[in-house]
Structures are given as C-alpha cells and as structure tokens.
Amino acid sequence: EHRIIYDKLWFYISYVTNGQIDFNLLALVGNLSLIGVFVVLAKRVEISNDYLFLFPIAALLFNLTSWENITFSMAGLSNFTVVLFSLLSLSFLTGKELTNQRFWLSVFFGFLAICTQGGGVFVVPVSLLVLALQKDYARLKNYAVISVLFFLFYFIGYQAPEESTSIIDSLLYFKMRSFLF
C-alpha cells in the first residue's frame, strides 16, 4: 500500500490522545466499520422491502472467519473500512435520484476508499461504468477527470520494491488471472 492516510490518521489520533498507540482502540475503530457496512447494506434491503436478506448479510459480516482482520488493528482499519467507503461511494452513486450532492458525496467516499487502501482504486472503474450505464455523460466526464487526479495523487512518488513487477504487468497478468479464477 502506498497512501494509507486513513490508518496513519487513526494511529496519530491514538498517539496524541493516549501518549502511545492503543492497538485495541484501533482494532475497535476498524471493526466498527463492519457495523457501517451492515447499515449501508440494510438501507439497500430496506428499499427493496426484502428483510430476509438481513440474516445472511449479518451472518457473513459478523463471524469469526476473519479473525485476523478483527484482531490485527491495521488490517481491520484498512480492510473493513475500504469496503465501507467503497459501498458508501457506490451507494450514493446508484441511489434513486443522482443529485449533485449525492454525486460529490460519492466522489468524496471514493477518495476516502483510495486513501484507506490501494484496493480502493477499483471504485473508480466501477463508478465510471455506473455513470456510463446511467447515460449521465456530464458527470461521467467530471468523474473521469477527478479520477485522473486521484490516480496522480496515489501514484506520484510511488516507489515499487525492486523484486516487484511493473504496475501494468501486475494488472495484466496477476489481476486477469484472478478474474479467471
């Protein structure tokens, strides 16, 4: 990960308030993101009035199979929160009516997803696809320009480890194999 601003911010807050880094607090903050994910998904279920979906959502979110993320504070902060910010971004973008306020909230949470974990950059192509399918070409153009700025922000100053492949090679070979899997 290159720009993990969200994690660094919480580590700084923990250090300033406690005089040391409190890993229990950081794990708690990360785990609270799961509740946020549940609330976002429950709101979507509420729209469809199909409340039976709440049980499997809760069972999949709140179980101990992801105990590493639950107990390792940095993993919980980044892995759970990037999902929350990504869902919030896409939720605002796919609401019943896309107002300017909802569009900019989507952009804001997309930016937060990128600042939380490198995987947050995948919000950008999904958001562009959503806007293209909605035939909202003015916002699509705006989002594309903003996305270029996001990518510049994320990748300026990026130094890959010597043993790693280039970004293009990684995307073409590793990510495509992942999709085929």
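Summary of the structure given here.

1. Notes on the environment of G76
Here comes step 1: Within the element layout of this structure, G76 appears in helix α5 (residues 73–93).
Here comes step 2: Separated by 47 residues in sequence, G76 and V29 place their C-alpha atoms 8.0 Å apart.
Here comes step 3: When neighbours within four sequence positions are excluded, G76 is seen to be in contact with G30, N69 and T81.

2. Overview of the packing of helix α2 (residues 23–48) against helix α3 (residues 54–61)
Here comes step 1: Running from N to C, α2 and α3 point in directions that differ by 165 degrees, and their axes come no closer than 10 Å. Here α2 lies roughly antiparallel to α3, going by the angle between them. Pair α2 / α3 crosses with right-handed handedness. Each of L34, V37, F38, L41, A42 and V45 in α2 lies in contact with α3, whose residues at this interface are L54, I57, A58 and L61.

3. Focus on helix α8 (residues 137–155)
At 3.6 residues per turn, the α-helix brings residues three or four places apart onto the same side.
Here comes step 1: Compared with an ideal rise of 1.5 Å per residue, which puts 19 residues at 27 Å, α8 spans 26 Å between its outermost C-alpha atoms and is within 8% of the ideal.
Here comes step 2: Residues R139, L140, Y143, I146, S147, F150 and Y154 constitute the buried set of α8. The buried side chains of α8 occupy one side of the element, clustering within an arc of 135 degrees when seen end-on. Of the exposed residues in α8, the ones pointing more than 90 degrees away from its buried face are Y137, A138, K141, V145 and L149.
Here comes step 3: For α8, the elements touching its buried residues are α5, α6 (100–116) and α7 (123–133).
Here comes step 4: Just past α8, the residue G157 takes up positive phi, approximately 85 degrees.

What counts and what doesn't
Residues numbered from 1 in each chain as written. Predicted model: local features only at pLDDT ≥ 70, side-chain atom pairs only at ≥ 80, totals over all residues. Heavy atoms only, no water. Helix = DSSP H or I, 4+ residues; strand = E, 2+ residues; numbered from the N terminus. Contact = heavy atoms within 4.5 Å. Axes fitted to C-alpha atoms, helices over the stretch in contact; angles between N-to-C directions. Parallel < 35°, antiparallel > 145°, perpendicular 65-115°, else oblique. Left-handed = near helix turned anticlockwise from the far one by under 90°. Expected span 1.5 Å × (residues − 1). Buried < 20%, exposed > 50% of the residue type's maximum accessible area, 1.4 Å probe, protein only. Arc of directions from axis to C-beta.

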